[in-house]
Number of protein chains: 6
Amino acid sequence: MTQNRLNQNRYERGLKLFQNMVGPQGTAALEEVRQCYPDMAEFIVANGFGDIYSRPGLDLKQRELITLSSLITQGAAEQLPMHVNAALNIGLTPEELIEVVIQCTAYAGFPKALSAFNVMIGEFRNRGIELTAGRV
Amino acid sequence: MTQNRLNQNRYERGLKLFQNMVGPQGTAALEEVRQCYPDMAEFIVANGFGDIYSRPGLDLKQRELITLSSLITQGAAEQLPMHVNAALNIGLTPEELIEVVIQCTAYAGFPKALSAFNVMIGEFRNRGIELTAGRV
Amino acid sequence: MTQNRLNQNRYERGLKLFQNMVGPQGTAALEEVRQCYPDMAEFIVANGFGDIYSRPGLDLKQRELITLSSLITQGAAEQLPMHVNAALNIGLTPEELIEVVIQCTAYAGFPKALSAFNVMIGEFRNRGIELTAGRV
Amino acid sequence: MTQNRLNQNRYERGLKLFQNMVGPQGTAALEEVRQCYPDMAEFIVANGFGDIYSRPGLDLKQRELITLSSLITQGAAEQLPMHVNAALNIGLTPEELIEVVIQCTAYAGFPKALSAFNVMIGEFRNRGIELTAGRV
Amino acid sequence: MTQNRLNQNRYERGLKLFQNMVGPQGTAALEEVRQCYPDMAEFIVANGFGDIYSRPGLDLKQRELITLSSLITQGAAEQLPMHVNAALNIGLTPEELIEVVIQCTAYAGFPKALSAFNVMIGEFRNRGIELTAGRV
Amino acid sequence: MTQNRLNQNRYERGLKLFQNMVGPQGTAALEEVRQCYPDMAEFIVANGFGDIYSRPGLDLKQRELITLSSLITQGAAEQLPMHVNAALNIGLTPEELIEVVIQCTAYAGFPKALSAFNVMIGEFRNRGIELTAGRV
């Protein structure tokens with residue numbers, strides 16, 4: 001990246017992308033973090049979304065597949081709901097998200113996959129999504 | 001999946017896909033595993049490739065992005081070379097693979113990302129690949 | 001394993017073993033998973049229990065010791081209750097389960113051991129088990 | 001350490017230090033563990049606090065920085081509250097604790113850092129602490 | 001444990017057990033650690049072997065199954081050789097050790113299982129062990 | 001942080017700090033990364049050192065204690081040498097570094113602590129450091 005790109009508008013670029021991805025609910029959660037400690041919120045936005053998600057080279061759907069796999073693998077179940085919602089907002093289907101879990105059964109083991117599966121199903125219910133297929 | 005699909009031809013279907021993805025070098029490594037303990041090799045092929053990689057719902061490039069993210073996140077550097085080669089064989093570009101690493105700096109931390117970066121660069125050199133861009 | 005064993009009756013063999021190990025409560029939880037996404041439930045049963053737990057070479061008690069140690073080490077506390085119950089159902093004693101935790105203090109560290117200890121104690125209470133000794 | 005130091009008074013030395021660090025609330029939690037299984041409580045006290053925290057070479061504040069980083073990195077969120085309280089009791093400031101989290105964003109990734117951040121903020125609220133700065 | 005047991009003879013009891021389990025090669029490795037920093041060696045012996053392995057409640061074979069599962073799950077490949085040798089020395093068979101790996105494919109994922117498999121096979125070769133079966 | 005601080009001079013500030021901490025050897029390693037993929041090197045410098053290490057709130061010694069604990073806990077042995085050297089360069093003593101390892105025996109378990117211990121001892125030898133004490 002050019003030094004300009006590294007230094008300027010990271011926060012603004014990141015915030016716009018973050019809001020588009022996570023919607024009002026995620027934006028409200030970020031605002032709570034900012035109320036407590038502004039730098040923490042700014043790092044999430046500027047480093048995570050301004051620097052990384054906004055890069056070319058991979059599209060947002062690809063980046064969310066990578067993120068979901070990392071969250072499942074490290075057992076970060078409590079951070080999954082935000083990314084399940086972001087993934088659906090940018091156009092990944094519920095069935096694709098479940099396939100991420102099934103791919104992770106082999107690489108991260110059944111316990112982490114099953115915990116992630118339960119969180120995902122809960123988020124699908126919150127959004128009124130019913131999985132119709134499930135047999136592929 | 002239908003019970004038929006669950007039960008039949010898993011090994012054959014998996015072996016064919018495995019060979020296409022990893023080429024002669026990966027196939028030779030599998031053969032070494034089989035020499036030592038046939039069941040271990042058969043599980044890798046039947047459960048990993050016959051059951052999971054061959055599923056519809058996500059294409060092979062998407063599945064390798066998920067796999068690479070899981071390997072990086074769990075620090076499984078010694079299993080990366082086979083999947084870096086498989087990923088290149090199925091059409092992911094070297095720049096896309098490096099972007100997986102950069103995405104993982106935020107989610108798995110710099111130490112695991114940097115170790116994966118070093119392994120990837122080594123594999124690229126083995127294949128005579130030179131990254132021309134690197135600035136996006 | 002023979003190709004026959006790899007391919008046939010995995011699901012049926014696994015389901016029977018699963019039901020014997022986890023009892024009605026675990027079977028109901030599996031049924032919920034199946035309602036959401038049948039393949040996920042079938043993988044758990046066929047790959048986990050049909051392929052692996054039903055193998056010779058180690059008995060079920062040994063396999064549960066290995067499973068409990070893996071769950072404790074990876075911090076998968078939310079998957080512990082099902083396996084605590086399965087372990088008790090197949091004849092491991094509550095004291096033996098606590099000794100798994102104590103062995104893990106040295107290998108996985110106190111934080112994961114203590115979290116697992118608290119989950120185990122909760123499951124023992126659910127089953128009306130009181131640890132009488134605790135001093136060895 | 002001398003053999004004497006290794007063998008004698010570990011429990012008494014550890015219990016005194018433990019009580020000073022964690023206060024009545026942490027001491028009550030330890031008592032619950034002891035009710036269930038005395039050896040588990042004695043290991044925590046004798047090995048953790050009698051052997052390790054009471055060593056010279058690093059002071060208690062340094063040891064808690066190391067502990068907090070380890071807990072955040074392994075995702076042991078449920079063990080954080082006791083150590084957040086211990087860290088405040090021995091004189092680390094709330095702002096220093098949040099800086100541990102920010103340092104861990106780079107080394108353990110944002111998901112684990114954000115989960116730890118949320119736990120810390122909850123503990124600060126329990127103690128009536130409001131972070132006044134947050135911009136450095 | 002009684003306070004006496006907690007405090008006395010931990011090191012002597014642990015060292016004797018350690019030497020029996022790991023043989024001359026492991027004892028030499030411990031001696032190297034002691035040359036560098038005596039306390040580190042004493043902690044390994046007194047806390048690991050004097051306090052934990054020497055407890056009743058589980059026998060040594062069960063404790064090594066738990067240890068191997070923990071090492072595989074946390075990806076601690078470099079610590080496996082000592083415990084593979086200890087496990088063989090106390091009477092676990094090579095086939096049982098490979099079954100620990102196969103059980104871990106489901107719980108810790110294929111990458112960690114495969115890395116452990118490779119280390120185990122190497123240790124078996126060092127000891128002149130050839131796996132004759134491998135099909136169960 | 002102010003938006004100005006977030007956006008400007010991150011790279012320059014980070015590079016200067018990085019060079020001071022890691023010396024010529026670490027700087028050469030960074031240059032190799034940059035030759036392969038400039039953005040990776042710039043992220044390490046700008047996000048890791050420009051944004052985080054250069055923050056007030058904790059001094060460099062405290063930040064390295066946190067980093068070392070995180071590296072040990074996640075088993076990132078291959079990233080330890082650079083930080084062992086950085087830690088010594090900024091004034092932490094070899095004995096303090098070994099105490100980080102000993103503190104981590106309780107929180108991350110013996111396997112990760114022992115692997116880190118071996119790496120540290122190797123780095124101390126590279127620098128001609130002999131640990132004189134080791135008994136505390």
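Chain A is annotated in an unreviewed UniProt entry as Carboxymuconolactone decarboxylase family protein of Paenibacillus profundus.

S.K.: Please explain the interface of chain A and chain B as it appears in this structure.
M.R.: One frequent convention defines the size of an interface as the accessible area lost when the parts assemble. Contacts between the two partners involve 34 residues from chain A, matched on the other side by 34 residues from chain B. Overall, the association of chain A and chain B removes approximately 3,000 Å² of surface from exposure, summing both partners, and the carbon and sulfur fraction of that is 57%. Viewed at the interface, chain B and chain A are joined by four salt bridges. Taking the shortest distance from any N to any O, the salt bridge between Glu 99 of chain A and Arg 55 of chain B comes out at 2.7 Å.

S.K.: Even after reading the chapter, I still don't get the pattern of salt bridges, so can you show me in this structure?
M.R.: Note that side chains of opposite charge can pair when their charged atoms are close. Inspection of the entire model under this criterion finds 42 salt bridges over all chains. Among the salt bridges present, the one from Arg 55 of chain B reaches Asp 39 of chain C, with a minimum N-O distance of 2.8 Å. Separated into two different chains, Arg 55 of chain B in the loop between helix H3 (38–53) and helix H4 (60–73) and Asp 39 of chain C in helix H3 (residues 38–53) make up a pair that spans both. Looking at Asp 39 of chain C, the relative accessible area reads 0%, which means it is buried. Across the salt bridge formed by Glu 31 of chain F and Arg 34 of chain F, the nearest N and O atoms sit 3.5 Å from each other. Placement of both Glu 31 of chain F and Arg 34 of chain F in helix H2 (residues 10–36) is noted, with a separation of three residues, approximately one turn of the helix. Salt bridges sharing partners connect three or more residues here, namely Arg 10 and Asp 51 of chain A together with Arg 10 and Asp 51 of chain F.

S.K.: Can you walk me through the state of the cysteines in this structure?
M.R.: Disulfides are covalent bonds that connect the sulfur atoms of two cysteines. Per the stated rule, a full pass over the model turns up zero disulfides over all chains. With no disulfide of its own, Cys 36 of chain E lies 18 Å from the sulfur of Cys 104 of chain F, the closest cysteine sulfur.

S.K.: Can you walk me through the packing of aromatic side chains in this structure?
M.R.: What describes a pair of aromatic rings is the distance from one ring centre to the other and the angle between the planes of the rings. Scanning the entire structure with this criterion turns up 18 aromatic pairs over all chains. Seen from their ring centres, Phe 18 of chain B and Phe 49 of chain B are 5.0 Å apart, and the 85 degrees between their planes marks the pair as edge-to-face. Taken together, the residues span a long stretch of sequence, with Phe 18 of chain B in helix H2 (residues 10–36) and Phe 49 of chain B in helix H3 at a distance of 31 residues. Here Phe 49 of chain B falls in the buried class, since its relative accessible area comes to 4%. Summarising the aromatic geometry, the rings of Tyr 107 of chain D and Tyr 53 of chain F are spaced 6.2 Å apart at their centres and angled 85 degrees between planes, so their arrangement reads as edge-to-face. Note that Tyr 107 of chain D is positioned in helix H6 (residues 94–108) and Tyr 53 of chain F in helix H3 (residues 38–53), a pairing that runs across two chains. Tyr 53 of chain F matches Tyr 107 of chain D in its accessibility class, with the two residues each being buried. Cluster of aromatic residues (ring-pair linked, three or more members): Phe 18, Phe 49 and Tyr 53 of chain A together with Tyr 107 of chain B.

S.K.: Explain the interface of chain D and chain C to me, please; I cannot follow it from the model alone.
M.R.: Each side of the interface is counted separately: chain D has 15 residues, and chain C has 21 residues. Taken together, the two surfaces of chain D and chain C that pack against each other cover about 1,700 Å², and 67% of this comes from carbon and sulfur. On the chain D side of the contact with chain C, Cys 36, Tyr 37 and Met 40 of chain D bury the most area, a combined 42% of that side's loss. Inspection of the region where chain D meets chain C yields zero salt bridges. Broken down by secondary-structure element, the contributors of at least two residues to the side of chain D that touches chain C are helix H2 (10–36) and helix H3 (38–53) of chain D. No other element matches H3 of chain D, which puts seven residues into the side of chain D that touches chain C. When its residues are assigned to classes, the side of chain D that touches chain C shows nine nonpolar, three polar and three charged.

Procedures and definitions
- All residue numbers refer to positions counted from 1 along the written sequence of the respective chain.
- Chains carry letters from A onward and ligands carry numbers from 1 onward, assigned in written order.
- Reporting in this predicted model follows two pLDDT cut-offs: at least 70 for local features of residues, and 80 or more for side-chain atom pairs to be given and counted; totals over whole chains, interfaces and linings ignore these cut-offs and use all residues.
- Side-chain figures throughout are based on the complete set of non-hydrogen atoms in the structure, without hydrogens or water.
- Whether two residues touch is decided by their heavy atoms; if any such pair falls within 4.5 Å, the residues are in contact.
- Simply put, the buried area is the total loss of 1.4 Å probe accessible area from both parts when two parts are fitted together.
- For this document, the term salt bridge refers to a Lys or Arg side-chain nitrogen within 4 Å of an Asp or Glu carboxyl oxygen.
- A helix here means a DSSP run of H or I that spans at least four residues, while a strand means a run of E at least two residues long, and both kinds are numbered starting from the N terminus.
- Buried, partly exposed and exposed residues are distinguished by accessible area as a fraction of the type maximum, computed with a 1.4 Å probe on protein chains only: under 20%, between the cut-offs, and over 50%, respectively.
- Cysteine sulfur atoms are paired as a disulfide whenever they come within 2.5 Å of each other.
- Aromatic pairing here means that ring centres of Phe, Tyr or Trp (its six-membered ring) are within 6.5 Å. Orientation follows from the plane angle: under 30 degrees is stacked, over 60 is edge-to-face, and everything else is tilted.
- Here the nonpolar group is Ala, Val, Leu, Ile, Met, Phe, Trp, Tyr, Cys and Pro; Asp, Glu, Lys and Arg are the charged ones; every other residue, Gly included, is treated as polar.

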